[in-house]
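Topology and contacts: notes
Read off the chains here:
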Amino acid sequence: MTATHVPGVPVLEDGVLISTNPATGDEAGRVPVADDKAVVVAVERAREAGLWWQALGWDGRKDRLLRWRSLIVQRIDELAQVTSLETGKPTADAIMEAVAAVEHLDWAARNAKRVLGPRKMRTRLLLAEHSGHLEYQPYGVVGVIGPWNYPIFTPVGPISGALAAGNAVIFKPSEYTPIVGQWLVDTFAEVVPEQPVMQAVHGLGDVGAALCRSGANKMAFVGSTATAKKVMAACAENLIPVVIEAGGKDALIVDADADIPAAAEAAVWGSMTNAGQTCVGIERVYAVAPVYDRLVEQIVAKAGKLRTGEEIGPITMPRQIDIIREHIDDALAKGGRAVLGGADAVQPPYVSPTVLVDVPADSSEIRDETFGPTLTVTRVADADEAIRLANDTPYGLGGAVFGKRNAVRIARRLRSGMVAVNGTLTFVGMGNLPFGGVGDSGFGRIHGEDGLREFARAKSITVRRARSLLPSMTFERTPAQVRQIVKAVRLLYGRRS
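Residues numbered from 1 in each chain as written. Predicted model: local features only at pLDDT ≥ 70, side-chain atom pairs only at ≥ 80, totals over all residues. Heavy atoms only, no water.

So, a nonpolar patch on the surface
Together, Leu 491, Leu 492 and Tyr 493 line one region of the surface with nonpolar side chains, adding up to about 340 Å² of accessible area. Mapped onto the secondary structure, Leu 492 falls in helix α16 (residues 479–493). A residue is classified by how much of its surface remains accessible, and Leu 492, at 47% relative accessible area, is partly exposed. (Patch = residues over 30% accessible without salt bridge, like charges linked within 9 Å, V, L, I, M, F, W, Y side chains within 5 Å. Areas by Shrake-Rupley, 256 points an atom, 1.4 Å probe, with all protein chains shown as cover. Salt bridge = Lys/Arg side-chain N within 4 Å of Asp/Glu carboxyl O. Helix = DSSP H or I, 4+ residues; strand = E, 2+ residues; numbered from the N terminus. Buried < 20%, exposed > 50% of the residue type's maximum accessible area, 1.4 Å probe, protein only.)

Here we look at unusual backbone geometry
Residues Pro 348 and Pro 349 are joined by a peptide bond in cis, for which omega reads 5°. For Leu 239, which is not glycine, the phi torsion reads 55° and is therefore positive. Within the fold, Leu 239 resides in the loop between α8 (225–236) and β10 (242–245). Even without a glycine there, the phi angle at Asn 422 is positive, about 55°. Along the chain, the position of Asn 422 falls in the loop between β19 (420–421) and β20 (442–443).

A few points about the sheet that holds strand β21 (residues 456–464)
Read across the sheet, three strands follow the order β4-β5-β21 without closing on themselves; strand pairing throughout is antiparallel. Lying at the two open borders of the sheet, with one neighbouring strand each, are β4 (119–121) and β21. Between one strand axis and the next, the sheet turns through 30° on average, direction left out of account. (Pairing = 2+ DSSP bridges. Axes fitted to C-alpha atoms, helices over the stretch in contact; angles between N-to-C directions.)

Regarding the packing of aromatic side chains
Overall, the coordinates contain four aromatic pairs when judged by the stated rule. Between Trp 53 and Phe 188, the aromatic rings sit 5.9 Å apart at their centres with planes inclined by 70°, giving edge-to-face as the arrangement. A residue pair is termed long-range when its members are at least 10 positions apart, and Trp 53 in helix α1 (residues 36–55) and Phe 188 in helix α6 (residues 178–191) qualify at 135 residues. When its relative accessible area of 1% is taken as the criterion, Phe 188 is described as buried. Their ring planes at 80° and their centres at 5.1 Å tell us that Trp 68 and Phe 188 sit as a pair that is edge-to-face. On the criterion of sequence distance, the pair formed by Trp 68 in helix α2 (residues 57–74) and Phe 188 in helix α6 is long-range, its members being 120 residues apart. (Phe/Tyr/Trp six-rings, centres within 6.5 Å; stacked < 30°, edge-to-face > 60°.)

Have a look at this one:
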């Protein structure tokens, strides 16, 4: 590695993308960069491969996907080492990320036929002589643009849904984690060697833009809100549908009857895991006045035990460090107080756990996604005020509530796609639950039944099975038949109940 290589910053040299560890600068690996032509060629190959993959049928695809799942499990230590080398995250965190990915891959493989398979629909009055049928057909080629913070778990969600539905996949990993992405593609090829059903294309943002314009039939994007808007604009040129999972500014509400030690532990885990580089991480806590002081005390005690380089890994994307620093400085300048960490917590490539209180609502630390191991704790009068403040954001991804009597009711009032009650991030680990947000956090869903349906088109078919007794869709209907239809409609639908 040459002196010009900044640790963690991807480097392009002679058509090769070089990935390095953000903490040590050690080289994680090299992959070829795809130009516009290479992306188009990959999509063309995928289109043919997708037909072969679709022809395997539900059971054939299930078998291959479960074999891929088992291969990942058998080599999970290897995958974790690659992930740790490329992102800097602790190996244990990488293992748990892979475990969560395996859960979603397993669920998609086992449930695709049930969710998407053909079914007969109940006949309705005006077309009683016809039977209705519904089936879900794959789009063909699905492009997936993945993030760097969870390079295993996050892309495997849309990838597994797309593959289980019968699509071929073109995967563009983040330029910060291309080696993990290539590992996933290579291991899939070991269990599906016949056709390039899943391929990787590598490079910077221009490669992602090329994929959006390449002729892929649908795109799935996970990343920042700003980049999500660029992806949507590129896809809109050809009316390519997209599913977007973007940023978040998730809140944890702690009610008066909450288990405070458990809430404090969850707040620290939700905000500090993966060095805070979690889209559904907890960045704000709203605690009702009776429990506020005790909660802050226990959060500080628990977060103060975490150490950079051990439980807290480096910030994977170096320029994110400037954003974290700016948010902490802004919070302090506007009257906030650091009860743990603070301005001196930023020591590149690490940021020590930081807990801030008395932070005004107009601070960037409250308003914008920080994506670091920082947490604000705000005192509120009651749960209603907590809900109002938690919802006062353009984001709406996840959230959490701690309490007993009213916790579920509070959760339902949060403007978000997911909420954990008496836990944090727990919805991530359930393969049967949909995952996605509202507002600036995106739209569409991955995971669960809704996630499978994102990657297949509903197709309706009607089949005539008898002569029409009440012919409605024909010029040959008689006035008497029209009167019969009106009579039947009034009988069936004319009452309010």
